[in-house]
Amino acid sequence: MTREREPFISLALYYAFKWSVVSPTLHTYFRIKIYGVENVPQTGPLLVVSNHASYFDPPIVSNCVRRPVAYMAKEELFKVPVLAQAIKLYGAYPVSRGSADRAAIRAALECLDNGWAVGVFLEGTRTPDGRITDPKKGAALLAGKAKVPFLPVSLWGTDKILQPGSSLPRAVPITVRIGKVIDAPSSTNKQELEAMTQKCATVINEMHDLGR
């Protein structure tokens, strides 16, 4: 039976870290603007799909949707001080580079069954300007298998947080826009998954094009 919420301990740790570290940093250092929080279901499994331009995107998304979001994260990120602790609290789990897709899909489906919101970057990797040009069907496949809706999220400005050769985050303005929930695919038919993937990408890119 599918749970309606993630485990209480994860929720408690999420709020403690959100209000003590992440939210103050985003509002004071990055001067973040957040639109569309009223669109986020606060209970029940959910697939959060977004663009991706920075290692900092997972905790930013989780902070802005006001509930923990479990992410498939590269194993290497769990070796980065501070960031590793942040993404663990927010529900991230490591995926080894080159590991089988089936294992990652099983892990994500298990999170959804346990009431989590699961985050997927639609392009599967970071893009230089934050726009989605080559969306992958993985998110739609998960939504179709688990019968859960999508929540489209656009991150603007995160591509400028870290400059090449620098490990110090820059104080750049960030804007996050959260779209309306998109219903789950009715099947895992290839054509429908492709159509849903493109729909999510279009919605996210349109929000991203609104800029600051």
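Residues numbered from 1 in each chain as written. Predicted model: local features only at pLDDT ≥ 70, side-chain atom pairs only at ≥ 80, totals over all residues. Heavy atoms only, no water.

**Q** I keep staring at unusual backbone geometry and nothing clicks. Help me out?
**A** Negative phi characterises most residues that are not glycine, and trans characterises most peptide bonds. Although it is not a glycine, Arg31 sits at a positive phi angle of roughly 50°. Relative to the elements of secondary structure, Arg31 occurs in the loop between helix 1 (8–28) and strand 1 (33–35). Residue classification places Arg31 among the partly exposed positions, given a relative accessible area of 42%. Backbone geometry at Lys147 places phi at a positive 55°, although glycine is not the residue there. (Helix = DSSP H or I, 4+ residues; strand = E, 2+ residues; numbered from the N terminus. Buried < 20%, exposed > 50% of the residue type's maximum accessible area, 1.4 Å probe, protein only.)

**Q** Just checking my understanding: could you explain the nonpolar core for this structure?
**A** Here is a general trend for soluble globular proteins: nonpolar side chains tend to be buried in one another's company. Counting 31 residues, the largest nonpolar core has Val48, Ile60, Val65, Leu151 and Val176 as its most contacted members. Of all the elements in the fold, those that place two or more residues in this core are helix 1, strand 2 (46–50), helix 2 (57–65), strand 3 (69–74), helix 3 (83–89), strand 5 (117–121), strand 6 (150–156) and strand 7 (175–178). Per element, the largest residue contribution to this core is four residues, and it comes from helix 2. Residues in contact with Ile60, not counting those within four places in the same chain, are Leu26, Ile32, Leu155, Thr158, Ile161, Ile174 and Val176. Counting 23 residues, the second largest nonpolar core, distinct from the first, contains Leu47, Leu112, Val120 and Ile132. (Core = buried A, V, L, I, M, F, W, Y, C linked by side-chain atoms within 4.5 Å. Contact = heavy atoms within 4.5 Å.)

**Q** Looking at this structure, I do not really get helix 1. What am I missing?
**A** An α-helical segment advances 3.6 residues per turn. Residues three or four places apart therefore align on the same side. Relative to the 30 Å expected for 21 residues at 1.5 Å per residue, helix 1 spans 29 Å between its end C-alpha atoms, a close match to the ideal helical length. By the largest-angle criterion, Lys18 marks the main kink of helix 1, which is about 55°. (Expected span 1.5 Å × (residues − 1). Bend = angle between axes of the 7 residues up to and from the residue.)

**Q** Would you take a moment to explain the packing of aromatic side chains for this structure?
**A** Two aromatic rings, taken as a pair, are described by how far apart their centres are and by the angle between their planes. Scanning the model with the defined rule gives three aromatic pairs in all. With centroids separated by 4.9 Å and ring planes inclined at 70°, the aromatic side chains of Tyr14 and Tyr15 adopt a geometry described as edge-to-face. With a relative accessible area of 31%, Tyr15 lands in the partly exposed category. Between Tyr71 and Phe121, the ring centres sit 5.0 Å apart and the planes meet at 25°, which makes this aromatic pair stacked. You can see Tyr71 sitting in strand 3 and its partner Phe121 sitting in strand 5, a full 50 residues away along the chain. Here the basic side chain of Lys18 rests over the ring of Trp19, its NZ or CZ set 4.7 Å away from the ring centre. The ring of Tyr55 has Arg126 sitting right over it, with the charged end atom 4.1 Å from the ring centre. (Phe/Tyr/Trp six-rings, centres within 6.5 Å; stacked < 30°, edge-to-face > 60°. Lys NZ or Arg CZ within 6 Å of the ring centre and 35° of its normal.)

By themselves, these are just geometric observations and shouldn't be taken as functional.
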